[in-house]
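Coordinates in review
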Amino acid sequence: MTKVKIFLLIIITCSLISSCSTALDDYQDVDKPFDIKRYFDGRVIAWGMVQNYSNKVSRRFCVEIEGTWQGNEGVLAEKFYFNDGEISYRNWQLSKKTDGSYEGQAEDVIGMAIGKHQGFAFQFQYQLSLVVEDESYQVSMDDWMYQLDEFRVMNKTSMSKLGVKVAEVTLFFDKQTQVQQCPSSNAI
């Protein structure tokens, strides 16, 4: 098979796969729509894992989040504790727009993150500068949060490079638990 035919086959396959993806409009309105401003106000703790392209878990982590808001401007201060001992930080600067959408920036985010909600779902899309073994990579993040109840949220994030999924991140947020601090990294 020629290189042109292989290239066309890859483009057609990617187009078919992407046309099967979920859209935010797939979620209907609910009585109490998920609003990250309301949920991420105060202290939230989450546990998560990173899976590589073959679904093998490569890292586990706990994250402590402190959300503070003044009107429609907010800060989400995140502290990550990874099972390999690494501790990292991300500080989101968020802004709720008049149409209900969100814009956000953080230290490792390239450009502006855009977030929208519908019903119990929230989608956040952005470009992330990811450092792996002293090499920096720009990856696309398609972040989906699903509110289960007033205290708990599930999150699945697809990480891709040049349209190809390279990893997936899964998190479980809990705003109610009595444990409001991550354990030491070797306990994760």
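What comes next is a walk through the structure. It should be emphasised that the depicted structure is a prediction, and the values quoted were computed from it without experimental measurement.

Focus on the state of the cysteines
Counted under the stated rule, the structure contains one disulfide. Each disulfide pairs two cysteine sulfurs, and for Cys 62 the partner residue is Cys 182, the sulfurs being separated by 2.1 Å. Judged by the sign of its S-S torsion, about -80°, the bond between Cys 62 and Cys 182 is left-handed. Taken together, the positions of Cys 62 in strand 2 (residues 57-70) and Cys 182 in the segment after strand 10 (164-174) put the pair 120 residues apart, joining distant regions of the chain. This pair shows no difference in class: Cys 62 is buried, exactly as Cys 182 is.

Regarding the pattern of salt bridges
Applying the stated criterion across every chain, the model contains 12 salt bridges. Salt-bridge contacts for Glu 86 lead to Arg 59; the nearest nitrogen and oxygen are separated by 2.6 Å. Here the residue Glu 86 occupies a position in the loop between strand 3 (73-82) and strand 4 (87-96), and Arg 59 occupies one in strand 2, the gap between them amounting to 27 residues. Given a relative accessible area of 36%, Glu 86 falls into the partly exposed group. Connected via shared salt-bridge partners are Arg 43, Glu 64 and Glu 66.

Overview of the packing of aromatic side chains
Summed over all chains, the structure comprises 15 aromatic pairs. An aromatic cluster is present here, built from Phe 34, Tyr 39, Phe 40, Trp 69, Trp 92, Tyr 102, Phe 122, Phe 124, Tyr 126 and Phe 173 joined pairwise through their rings. In this arrangement the basic side chain of Arg 59 is found over the ring face of Phe 82, its NZ or CZ atom lying 3.8 Å from the centre. The ring centre of Tyr 39 lies 5.3 Å from the NZ or CZ of Lys 175, which sits over that ring.

Things to note about the layout of surface pockets
Size it by volume and the largest pocket reaches roughly 1,100 Å³. Surrounding the largest pocket, 45 residues form its lining, Arg 90, Leu 128, Leu 130, Met 159 and Val 169 being those nearest its centre. Mapped onto the lining of the largest pocket, the elements with two or more residues apiece are strand 1 (42-52), strand 2, strand 3, strand 4, strand 7 (121-132), strand 8 (135-147), strand 9 (152-161) and strand 10. The leading source of residues in the lining of the largest pocket is strand 7, at eight residues. Of the residues contributing to the lining of the largest pocket, the split by class is 29 nonpolar, seven polar and nine charged.

What about the side chain of Thr 157?
Mapped onto the fold, Thr 157 is located in strand 9. For Thr 157, a relative accessible area of 4% gives the class buried. At a separation of 3.3 Å, a polar atom in the side chain of Thr 157 contacts the side chain of Asn 155. Sequence-distant contacts of Thr 157, that is, excluding residues within four places in its chain, are made with Met 141, Asp 142, Asp 143, Ala 167, Glu 168 and Val 169.

Some thoughts on the pairing of strand 1
Look at any regular strand and the pattern is simple: side chains alternate between the two faces of the sheet. Relative to strand 2, strand 1 is paired through 10 bridges, and the arrangement is antiparallel. Among the inter-strand pairings, Val 50 is bridged to a residue of strand 2, identified as Arg 59. Count of turn residues in the strand 1/strand 2 antiparallel hairpin: four residues, of which Asn 55 carries a positive phi of about 75°. As defined by bridge partners, strand 1 adjoins strand 10 across eight bridges and the pair is classed as antiparallel. Paired with Ile 45 across the two strands is Asp 174, which belongs to strand 10.

Basis of the calculations
Residues numbered from 1 in each chain as written. Predicted model: local features only at pLDDT ≥ 70, side-chain atom pairs only at ≥ 80, totals over all residues. Heavy atoms only, no water. Disulfide = S-S within 2.5 Å. Helix = DSSP H or I, 4+ residues; strand = E, 2+ residues; numbered from the N terminus. Buried < 20%, exposed > 50% of the residue type's maximum accessible area, 1.4 Å probe, protein only. Salt bridge = Lys/Arg side-chain N within 4 Å of Asp/Glu carboxyl O. Phe/Tyr/Trp six-rings, centres within 6.5 Å; stacked < 30°, edge-to-face > 60°. Lys NZ or Arg CZ within 6 Å of the ring centre and 35° of its normal. 1 Å grid on protein atoms, 1.4 Å probe; cavity = no way out; pocket = protein on both sides within 12 Å on 5 of 7 lines; lining within 4 Å. Points joined across faces, edges and corners; volume = space filled by probe spheres on them. Nonpolar A, V, L, I, M, F, W, Y, C, P; charged D, E, K, R; others polar. Polar contact = N/O pair within 3.5 Å; in protein donor to acceptor, adjacent residues only side chain to side chain. Contact = heavy atoms within 4.5 Å. Pairing = 2+ DSSP bridges.

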